[in-house]
Amino acid sequence: SESLGGRSPEEKAAKAMKTLFTMCAVKIVLAQLEGSSAGRGASAFGSFNPEQCEMLYSHLDEHPLKDGDEWLRLLMKKDKLLALRLAEVRESYVQEGFEWDSMRRASIKEIEQGNISILREGAEAMLGRAEGSTK
């Protein structure tokens, strides 16, 4: 726990996921503001707002999204309604839209594939050295 700043791995992951969910909310709201159906249904077309869209892109340029809460706090100083909208979309997405079971399966698969690849590379390197030393 010391290497994680006194936090459990789950707490550390939750903080990282909060920023990921903020990014997801930005993508959803941008799609809505651009009038795209990717913004979750036909109602998104009624959300077309080029000024807020430009505000959001500008904020992303000025402040890279590294910490979801801090990024929203900075946006709140510029546009309270837009920041509130993003906070609501973020919360809704984490509660209703995100596929937690799918993430678990994908994480396990990624770890397994990564381990196999690393072990294979290590074995090949050892065999290569062993073959080179017999010549």
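Relevant structure appears above.
The paragraphs below set out a description of the structure included in this document.

Analysis parameters
Residues numbered from 1 in each chain as written. Predicted model: local features only at pLDDT ≥ 70, side-chain atom pairs only at ≥ 80, totals over all residues. Heavy atoms only, no water. Phe/Tyr/Trp six-rings, centres within 6.5 Å; stacked < 30°, edge-to-face > 60°. Buried < 20%, exposed > 50% of the residue type's maximum accessible area, 1.4 Å probe, protein only. Helix = DSSP H or I, 4+ residues; strand = E, 2+ residues; numbered from the N terminus. Expected span 1.5 Å × (residues − 1). Polar contact = N/O pair within 3.5 Å; in protein donor to acceptor, adjacent residues only side chain to side chain. Salt bridge = Lys/Arg side-chain N within 4 Å of Asp/Glu carboxyl O. Core = buried A, V, L, I, M, F, W, Y, C linked by side-chain atoms within 4.5 Å. Contact = heavy atoms within 4.5 Å.

**Describing the packing of aromatic side chains**
Part 1 of the argument: In this structure the tally under the stated criterion is five aromatic pairs.
Part 2 of the argument: With a centroid separation of 4.7 Å and an interplanar angle of 75°, the aromatic rings of phenylalanine 98 and tryptophan 100 are classed as edge-to-face.
Part 3 of the argument: Using a relative accessible area of 39% as the deciding quantity, one classes tryptophan 100 as partly exposed.

**Details of helix α4 (residues 80-97)**
Part 1 of the argument: With 18 residues, α4 extends 24 Å between its outermost C-alpha atoms, agreeing within 8% with the 26 Å of an ideal straight helix rising 1.5 Å per residue.
Part 2 of the argument: Where α4 begins, one side-chain oxygen reaches toward the backbone nitrogen of leucine 81, 3.3 Å away; that side chain belongs to aspartate 79.

**As for the pattern of salt bridges**
Part 1 of the argument: For the structure shown, the criterion picks out five salt bridges.
Part 2 of the argument: Across the pair glutamate 62 and lysine 78 runs a salt bridge, and its minimum N-O distance is 2.8 Å. Of the two residues, glutamate 62 sits in helix α2 (residues 50-62) while lysine 78 sits in helix α3 (residues 68-78), which places them 16 residues apart along the sequence.
Part 3 of the argument: Note on lysine 78: relative accessible area 35%, which makes it partly exposed.
Part 4 of the argument: The residue aspartate 69 makes a salt bridge to arginine 90 at a minimum N-O spacing of 3.0 Å. Placement of aspartate 69 in helix α3 and of arginine 90 in helix α4 is noted, with a sequence separation of 21 residues between them.

**Thoughts on the nonpolar core**
Part 1 of the argument: Core analysis: the biggest nonpolar cluster contains 20 residues, and Val26, Val29, Leu56, Trp71, Leu75, Leu82 and Leu86 have the highest contact counts within it.
Part 2 of the argument: Among the elements of the structure, α1 (9-33), α2, α3 and α4 are those that each provide at least two residues to this core.
Part 3 of the argument: The dominant element in this core, judged by the number of residues it contributes, is α1, at eight residues.
Part 4 of the argument: When near neighbours in sequence (up to four residues on either side) are disregarded, tryptophan 71 contacts Thr22, Val26, Leu56, His59, Leu60, His63, Pro64, Leu65 and Leu86.

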